[in-house]
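What the coordinates show
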Amino acid sequence: MMGTGEVVALTRELMALDTVDGSESAAQAVLAPLLEEAGFAVHSHEHAPGRATVVAEWRAAERELPPLCLSGHVDTVPLGAAPWQHDPYAGELDGDRLYGRGSSDMKGGVAAIVLAATAYARAAGHGGRAGGGPVLTAAEETGAWGARHVAPYLSSAGRSGPLLIAEPTANEVVHGHKGALWLQARTAGVTAHGSMPHLGENAVYKLARAVTRLEEYAFARAPHEVMGAPTLNVGTFEAGLNPNSVPDRAVASVDVRTVAGQDHAEVGAALARRVGPEVEWSPLLDLPPVWTSPDDGWVRSVAEVVRGVNPEASDVPRAATFFTDAAVLTPALGTVPTVICGPGEPGLAHATDEWCSVGRLEAAVEIYSGVIRGWCGG
């Protein structure tokens, strides 16, 4: 096992790079050489200038197994308006806590993936049967755009093994996540002077009536045994140019979180019927739910590795409410068994003064190393 300080050092190096909504290629320039030196063939895929997703493939003499995939994203969300007590890019340490943007979500998880994968690859050598490797994505936070860009490449690569996503779960095994269907609702009217509203047609009234119908909307779907019920939230409402004009346009955004078994096309059609013909819908984001049974053999083996590192880890099946790149990668790889397990604190993702436990970072390297050995041998 590598020195325990390595994962902290690599996490801090990644956190020093501002990858908010861009510049992921700078982070990949740190990670790609580590993977290449360990024997991986590294392919960089930019979906926009400076926004690279890296796919690392093991150059084994024989591929006895379909490749195991470990994935994380290197982009981060903005800092927010609230002041930080810790420099978000300095990687300040305070006891067991490593502070900074991306410490939990999820540069710490990425660092742990890379260190575990490179250590195994160096030990196995080119004659080993290790397969696959890290897929380190760009633009996950804004809709999994990096994963979408490499999905055709991954699909064309042939048979794949399972997928581990290192999103923040406090190193607990999470068996899937809800889907995200974001919709834009629009209504049109006729503008007129605000002192003569009878000459116009108010788009706000139309859209207000429509979104009010969504407040008590009941999905025609029983709650999932682990994911629970699907949810709906009207997130934005915009209309009007000034107080003394009748608005001829109104726009709202709707965030639907679906559960395993729901079809997004059917959900969208049902919502359209609910709000009525005055509303025009269009999709903003369409990422399906992901779920793997806790009884899957590989999932059970991951849970055993986790409990070996942390005997107090929960064995209760669970799912995340947030989406991950698995929404794209799992189907691209052939609907493979998928788990989410990362060292970050779930409640600190996107938070001011985000931090990650140093102990969990070190444990994550041990967990990923065990998962790799369990699949690849050694």
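Quick summary incoming for the structure in this document. (Residues numbered from 1 in each chain as written. Predicted model: local features only at pLDDT ≥ 70, side-chain atom pairs only at ≥ 80, totals over all residues. Heavy atoms only, no water.)

Re the sheet that holds strand 9 (residues 179-188)
For sheets, the rule is that strands pair by backbone hydrogen bonds, running either parallel or antiparallel. With respect to topology, four strands assemble into an open sheet ordered 10-11-9-12, the strand pairing being antiparallel. The open sheet has two edge strands with one neighbour each: strand 10 (231-239) and strand 12 (280-287). This sheet shows a mean twist of 20 degrees between the axes of neighbouring strands, independent of strand direction. Across the sheet, helix 6 (residues 264-275) touches strand 9, strand 10, strand 11 (249-258) and strand 12, and the angle it forms with strand 9 is around 30 degrees. (Pairing = 2+ DSSP bridges. Helix = DSSP H or I, 4+ residues; strand = E, 2+ residues; numbered from the N terminus. Axes fitted to C-alpha atoms, helices over the stretch in contact; angles between N-to-C directions. Contact = heavy atoms within 4.5 Å.)

Description of the sheet that holds strand 15 (residues 355-357)
An order of 4-5-15 is seen for the three strands of this open sheet, with the pairing classed as antiparallel. Only two strands of the sheet have a single neighbouring strand rather than two, namely strand 4 (93-94) and strand 15. Sheet topology note: the strand 4/strand 5 (residues 97-99) ladder contains two bridges and is antiparallel. Bridge pairing in strand 5 links Leu 93 to Leu 98. Along the sheet face, helix 3 (residues 103-124) touches strand 5 and strand 15 and points at about 50 degrees away from the line of strand 15. Contacts from helix 9 (residues 358-376) reach strand 4, strand 5 and strand 15 within the one sheet, and its direction differs from that of strand 15 by about 60 degrees.

Some thoughts on the packing of helix 3 against helix 9
Packing of helix 3 against helix 9 brings their axes to within 8 Å, and their N-to-C directions diverge by 45 degrees. As far as their axial angle goes, helix 9 and helix 3 are oblique. The two elements helix 3 and helix 9 cross, and the hand of that crossing is right-handed. Across the interface between the two elements, Gly 108, Gly 109, Ala 112, Ile 113, Ala 116, Ala 117 and Tyr 120 from helix 3 touch Leu 361, Ala 364, Val 365, Tyr 368, Ser 369, Ile 372, Arg 373 and Cys 376 from helix 9. Across the contact of helix 3 with helix 9, the residue classes tally to eleven nonpolar, three polar and one charged. (Parallel < 35°, antiparallel > 145°, perpendicular 65-115°, else oblique. Left-handed = near helix turned anticlockwise from the far one by under 90°. Nonpolar A, V, L, I, M, F, W, Y, C, P; charged D, E, K, R; others polar.)

Structural notes on the packing of helix 7 (residues 297-309) against helix 9
When two helices pack together, their arrangement is given by the angle between the helix axes and the distance between those axes. Relative orientation of the contacting elements helix 7 and helix 9 amounts to 140 degrees, with a least axis distance of 9 Å. When the axis of helix 7 is compared with that of helix 9, the two are oblique. Remark: the crossing between helix 7 and helix 9 carries right-handed chirality. Taken together, the residues of helix 9 that come into contact with helix 7 (itself represented by Trp 298, Val 302, Val 305, Val 306 and Val 309) are Ala 363, Glu 366, Ile 367, Gly 370, Val 371 and Trp 375. Per-class residue counts for the contact of helix 7 with helix 9 are nine nonpolar, one polar and one charged.

Examining the packing of aromatic side chains
This model, assessed by the stated rule, comprises three aromatic pairs. Seen from their ring centres, Trp 182 and Phe 323 are 6.1 Å apart, and the 65 degrees between their planes marks the pair as edge-to-face. One end of the pair, Trp 182, is in strand 9; the other, Phe 323, is in the loop between helix 7 and helix 8 (326-332), with 141 residues separating them in the sequence. According to the relative accessible area criterion, Phe 323 is buried, its value standing at 9%. Centroid distance Tyr 217 to Phe 219: 5.0 Å. Interplanar angle 80 degrees. Geometry classified as edge-to-face. (Phe/Tyr/Trp six-rings, centres within 6.5 Å; stacked < 30°, edge-to-face > 60°. Buried < 20%, exposed > 50% of the residue type's maximum accessible area, 1.4 Å probe, protein only.)

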